[in-house]
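Structural description and commentary
The residues making up each chain are set out below.
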Amino acid sequence: QVSELVQFLLVKDQKKIPIKRTDMLKNVIREYRDAYAEIVDRAGRTLQQVFGLRLVEIDTKRHTYILINNLPRAEGEYLCRDKEKEKMGLLLVILSFIFMKGNSVKDSESSPKPPPMPHFSFAPPPLTPLFPGALWEFLNLLRVYPGKQHRVFGDVRKLVTDEFVRQKYLENTPIPLTDPPEFKYQWGPRAEKETSKKDVLNFVAKIQGKDPTFWASQYSEAEATP
């Protein structure tokens, strides 16, 4: 059962969709449910020793798990498979945006589309907000539009609001009593496990050619976060 569970977890992780305990019981463990804890524990050790992956429970109420890479990584680099590099690059930019905005950004289904700009800088001009007010406005500045098919990312709105959310990289929470409907975007539990605020801040600093201490508030938070 242990080797079967390891294979099941590896296959499930290819799409980075969180794995439910009910699925493990139904599809793998079946009549051995009394030994569930021991089987999962041994499978977790095998994944770590053989594949460098760590089985982490991200929701103790719903009992959902993810696999995260347990191998060391260079500071400021985001771990991803080659075939997912482009999507993960966009995700890292979004995670950076959310962190630099105070760990939460609001967005509306009808965010206005500003005119394209030649580039976007993380460095704030004096007395102006660090970022535009909404996630889609920010992505529009990068010439990534929610209603337009992107040659690399495909359907960007689906990627951000569906795929990244289902994979638990992002959390998308409706804000009550808003018309048009507004949402709050935050880091999801997979993002918290797979990267860190320090890595993200170093990424932003590298892009801007500045020291991370340039952003005093974010630097202080990143240093205080494990």
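None of the values given here were measured: they were computed from a predicted structure.

Criteria and cut-off values
Residues numbered from 1 in each chain as written. Predicted model: local features only at pLDDT ≥ 70, side-chain atom pairs only at ≥ 80, totals over all residues. Heavy atoms only, no water. Helix = DSSP H or I, 4+ residues; strand = E, 2+ residues; numbered from the N terminus. Buried < 20%, exposed > 50% of the residue type's maximum accessible area, 1.4 Å probe, protein only. Contact = heavy atoms within 4.5 Å. Pairing = 2+ DSSP bridges. Axes fitted to C-alpha atoms, helices over the stretch in contact; angles between N-to-C directions. pLDDT = per-residue confidence, 0-100. 1 Å grid on protein atoms, 1.4 Å probe; cavity = no way out; pocket = protein on both sides within 12 Å on 5 of 7 lines; lining within 4 Å. Points joined across faces, edges and corners; volume = space filled by probe spheres on them. Domains from an automatic or database assignment. Expected span 1.5 Å × (residues − 1). Arc of directions from axis to C-beta. Polar contact = N/O pair within 3.5 Å; in protein donor to acceptor, adjacent residues only side chain to side chain.

**Focus: the overall build of the chain**
Scanning the chain from terminus to terminus reveals 9 helices and 8 strands. Expressed as a percentage of the 226 residues in the chain, the buried residues total 42%. Long-range pairs, those at least 24 residues apart, make up 59% of the contacts in the chain with a sequence separation of at least 6.

**What to know about the sheet that holds strand β2 (residues 53-59)**
A sheet is described by the order of its strands in space; here 3 strands give the open sequence β1-β3-β2, paired in antiparallel fashion. Single-partner strands in this sheet number two, and they are β1 (19-20) and β2. When β2 meets strand β3 (residues 64-69), the two strands line up antiparallel, connected through 6 bridges. Looking across to β3, one finds that Arg 54 is bridged to Ile 68. Together, β2 and β3 form the strand contacts of helix α3 (residues 36-51), whose direction differs from that of β2 by roughly 135°.

**Considering the confidence of the model for the chain**
Confidence in the prediction for the chain averages 78 pLDDT; 81% of positions are at 70 or higher. In this model, residues 71-79 is a region of pLDDT below 50 whose contacts with residues beyond four sequence positions or in other chains number 21 contacts. Contacts from residues 111-133, a stretch scored under 50 in pLDDT, to residues over four places away or in other chains number 46 contacts.

**Topic: the side chain of Lys 16**
Mapped onto the fold, Lys 16 is located in the loop between α1 (2-13) and β1. For Lys 16, a relative accessible area of 11% gives the class buried.

**Here we look at the layout of surface pockets**
Taken as a whole, the largest pocket spans an internal volume of roughly 380 Å³. Lining the largest pocket are 18 residues; nearest its centre among them are Pro 18, Asp 59, Arg 62, Thr 64 and Lys 168. At the level of elements, β1, β2, α6 (156-166) and β7 (170-175) are the ones that each hand at least two residues to the lining of the largest pocket. A total of 3 residues in the lining of the largest pocket trace back to one element, the largest contributor, which is β7. No fewer than three residues from each of domain 1 (1-69) and domain 2 (83-109 + 131-195) sit in the lining of the largest pocket.

**A few points about the environment of Val 156**
Tracing the sequence through the fold places Val 156 in helix α6. Each C-alpha atom of the pair Val 156 and Leu 139 lies 9.7 Å from the other, and the pair is 17 residues apart in sequence. When near neighbours in sequence (up to four residues on either side) are disregarded, Val 156 contacts Trp 136, Val 144, Tyr 145 and His 150.

**Remarks on α3**
Over its 16 residues, α3 extends 21 Å from the first C-alpha to the last, a length consistent with the 22 Å expected when each residue adds 1.5 Å. Residues of α3 that are buried: Tyr 36, Ile 39, Val 40, Ala 43, Gly 44 and Leu 47. Looking down the long axis of α3, one finds its buried residues gathered within 135° of arc, a one-sided arrangement. Along α3, exposed side chains directed more than 90 degrees from the buried face belong to Ala 37, Glu 38 and Gln 49. Gly 52, located one to two residues past α3, shows a positive phi value of around 70°.

**Thoughts on the pairing of β7**
The two faces of a sheet get side chains in turn, since along a regular strand they alternate between them. Judged from the 6 bridges that link them, β7 and strand β8 (residues 182-187) form a sheet pairing that is antiparallel. Residue pairing for β8: Glu 171 is matched across the bridge by Gln 186. Between the end of β7 and the start of β8, which pair antiparallel, lie 6 residues, with Leu 177 showing a positive phi angle near 60°.

**What to know about the environment of Glu 4**
Among the secondary structure elements, Glu 4 is positioned in helix α1. Put simply, Glu 4 and Val 28 are 24 residues apart on the chain and 6.7 Å apart in space, counted from C-alpha to C-alpha. In contact with Glu 4, other than residues within four places in its own chain, are Asn 27, Val 28 and Arg 30. Separated by 3.4 Å, the side chains of Glu 4 and Arg 30 make a polar contact.

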